[in-house]
Amino acid sequence: MSGEAARKACARLDLADLGFDRGAHMLVARALSGIGVGETLDVCGRAPALGVHLRAWCRQMGHPFQTLGDDSEIGGDIVARIARGDVEIKRWAGAQRAGHPDRDRDDAVSEHPAPRWGLAARGALVEDSAPAFSFGIDHKHVVWTEEAPRLYAQAAAAQWDPATAIPWDAPFDIPDDVEDAIVQVMTYLVENETAALLVPARFLAQMHPHFREILQLLAIQAADEARHIEVFTRRALLRREVLGLSTAGGQASLKTLVDEPDFALAMFLLSVLGEGTFLALLWFLHRNAPDPVTREVTKLAAQDEARHVAFGLAHLSRHAELDKTLHARLALAVEQRHEALMQTAGLNSEVFDALVLLAAGEFSPEAIERGYQAVMTLQQEMDVGRRKRLAKLGFDDAEAERLSALHTRNFM
Amino acid sequence: MAETLLMGAVAYDPKVVTIWDGFKVYFAEQGLDFDFVLYSNYERQVEAHFGGHFHVAWNSPLAWLQAERFAKRAGRAAHAIAMRDTDRDLTSVVIVRDDSTIKSVNDLAGKKVGVGAADSPQATLIPLLHLAEAGVTPHDDFEVVRFDVDLGKHGDHVGGERDAAKALLDGRVDAACLIDANHLGFSKEGTLPSGATRVLAQTKPYDHCNFTVLDGAIEDARIKRFRELLLGMSYDDPKVRPLLDLEGLKVWKDGRTEGYALLEAAIDRFGTIEDFLAGLGKRCM
């Protein structure tokens, strides 16, 4: 090829005054990506160290480099003639798309995402030498529900600010006994909500981020519980300087939740049975609240908990459809928890009595009897709710009744 | 010698352990029993190589010349069997502050020139040779200010060049010598702000590290297999790519020795390795 013909065949890039100390590599890389491997590019420019830097950059990036003096065909204002190497093509040769961001596509969410997809955004092109992560919860059937995006959007829209959503300064006047009962109930709620924060948070860290919508939902669920812990604590301390009692039996019951290592079983015990039961409790407290602050914190918490229950029901229903062994495992989990807690006291009597007093409103025999009856009714409502939710998961009536009866007496 | 193929390398940085551990796993998967021994400096490594402590050395260019020259004196032979693509055709530069009155190499007369470690081919020996051949003799015509970081590591540690570059900006020296890739790197990371320095001179291209074997080892089946595995490593293999990235190459190339001519001229001119060779001769011959 004559010198003239070679010049014509060669792509050309003029960097003007731009040097590699100010971003010239971007223009060079872009120009190289526009030519074939092995084809050449003449680079012109006036930046003082251009030749030095271009040579070093080409060596680092695997692009062959010829200097001005090396080839008589190169001349004029051309600093160097470089060729496109194949390193970038080789780097991405084995890369894989990590599903697709649009969850409505059939190929969007993988049944078993690769460990190497790691933290990559769903739909990103992942280099095949990325390190393998150890996410233990990495099967779609265990976690997924089509409801997740809707529930997440609902949760994101329903986030409330504890500082402004509660009428902290509203005036009220209630008897000391009733205030003490409120403090005890709030103390109990805080430790239960702490368990409800830790359980999803623990699984969140083990879940493959490919299941983005589930990750988001668990994260916002944990954030919900963080707010509940705050407002219950603040209500307890509104008129008192010390909190109430935390019993061994109550903590033993919650410890069985926190210790459960299996995602499906833990979320079943927590969301479907525990938070489901709590829904009835929170609405009971809302109805019987002696003051506007208690009334509001329990209402807002109940609204959040309803979403947590809905998520638990949704993913476990799908899981149970795909895995016929799940029902037996869920039932066994309830039985084992019951066995483990058989010798414990269950709901502490201080909490039970506090609930009676809140429903009674005062310490007269008639009022206490009325309050006692209200708590009995609450427990029946809790049982009915649990059976209904168990039926939604596909348990028959008799099994739902049996399992509901075995649920912890500590409610959560 | 044991069945295991043993390689000697210098631990110029903690990442050296990660690199060769990775290669060890890769070679094992390919059926090659490979292990490595780390030395704190190249002189110890070269001596150990002649002492038969291992089979193949990952040598700096200066260590290669130490081995090659000693082999000749001892009636033995050294062979460069492989090198990185990035070991080929490096250049070094001599830079000055952009506002400096130094416009040509001759203007360095009476000035202070910052260099890397005394045994650094790229930041000391080759650029000083370039200046000497261009008409200004180190020590006689200008003061050489050394930035010795980790002597014995032959400039593998980037610290000396970084210190020289900082000294140039601070005005403690009038010029500084460094490898072209570090000039690019320091410019990109901001150690050398854009427009703050000017390239006064650039050396001819030269080569850097290689795998060195001695005498008949080049015919050893394990060495042949080792070389074959190296040259067969491909950047599109996800198992191999992280190792290549760590060691700073895209592909292994055949060893070649003509790229050491500049360094040979430098050590001849400055007598850099004579004492070492004499000492080694007393101990090993």
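Residues numbered from 1 in each chain as written. Chains lettered and ligands numbered in written order. Predicted model: local features only at pLDDT ≥ 70, side-chain atom pairs only at ≥ 80, totals over all residues.

Undergrad: Explain the packing of helix α8 (residues 176-204) of chain A against helix α11 (residues 263-288) of chain A here, please?
TA: The geometry of a pair of packed helices is captured by two quantities: the angle between their axes and the separation between those axes. All names here are of chain A. Two numbers describe how α8 lies on α11: the axes approach to 11 Å, and their chain directions differ by 150 degrees. Comparing their axes, α11 and α8 come out roughly antiparallel. Relative to α11, α8 is oriented so that their crossing is left-handed. Along the contact surface, α8 presents Val185, Asn192, Ala196, Val199 and Phe203, while α11 presents Phe263, Ala266, Leu270, Glu275, Phe278 and Leu285. Looking at the contact of α8 with α11 residue by residue, the class counts come to nine nonpolar, one polar and one charged. (Axes fitted to C-alpha atoms, helices over the stretch in contact; angles between N-to-C directions. Helix = DSSP H or I, 4+ residues; strand = E, 2+ residues; numbered from the N terminus. Parallel < 35°, antiparallel > 145°, perpendicular 65-115°, else oblique. Left-handed = near helix turned anticlockwise from the far one by under 90°. Contact = placed C-beta atoms within 7 Å. Nonpolar A, V, L, I, M, F, W, Y, C, P; charged D, E, K, R; others polar.)

Undergrad: Explain the domain arrangement of chain B to me, please; I cannot follow it from the model alone.
TA: By a widespread convention, an interface's size corresponds to the accessible area lost as its parts come together. Residues and elements named next belong to chain B. We note that the domain assignment places domain 1 (5-87 + 207-284) and domain 2 (92-202) within chain B. Taken together, the contact pairs 19 residues of domain 1 with 13 residues of domain 2. Residue contributions to the side of domain 1 that touches domain 2 peak at seven residues, all from helix α9 (residues 261-270). Of the residues in the side of domain 1 that touches domain 2, the class split is twelve nonpolar, four polar and three charged. (Domains from an automatic or database assignment.)

Undergrad: What's the story with the packing of α11 of chain A against helix α13 (residues 326-341) of chain A in this structure? I'm lost.
TA: All names here are of chain A. At their nearest, the axes of α11 and α13 sit 10 Å apart, and the two run at 60 degrees to each other. In terms of axis orientation, α11 runs oblique to α13. α13 is crossed by α11, and the crossing has right-handed handedness. Taking contact as the criterion, the partners of Ala264, Leu265, Phe268 and Leu269 in α11 are, on α13, Leu326, Arg329, Leu330, Ala333 and Arg337. Its residues placed into classes, the contact of α11 with α13 shows seven nonpolar, no polar and two charged.

Undergrad: Looking at this model, I keep getting lost on the sheet that holds strand β2 (residues 34-39) of chain B. Mind explaining?
TA: Hydrogen bonds along the backbone pair up the strands of a sheet, which may run parallel or antiparallel. Residues and elements named next belong to chain B. Across the sheet, six strands lie side by side as β2-β1-β3-β10-β4-β11; this open sheet has mixed pairing. Both outer strands of the open sheet, β2 and β11 (252-254), are each paired with one neighbouring strand and no more. Strand-to-strand twist in this sheet, taken as the mean axis angle between neighbours without regard to direction, amounts to 30 degrees. Two strands pair when backbone bridges link them, and strand β4 (residues 78-84) and β11 are joined in this way by three bridges, in the antiparallel orientation. Bridge pairing links Met83 to Lys253 in β11. Those strands touched by helix α1 (residues 15-29) are β1 (5-10) and β2, and its axis lies near 165 degrees from that of β2. (Pairing = 2+ DSSP bridges.)

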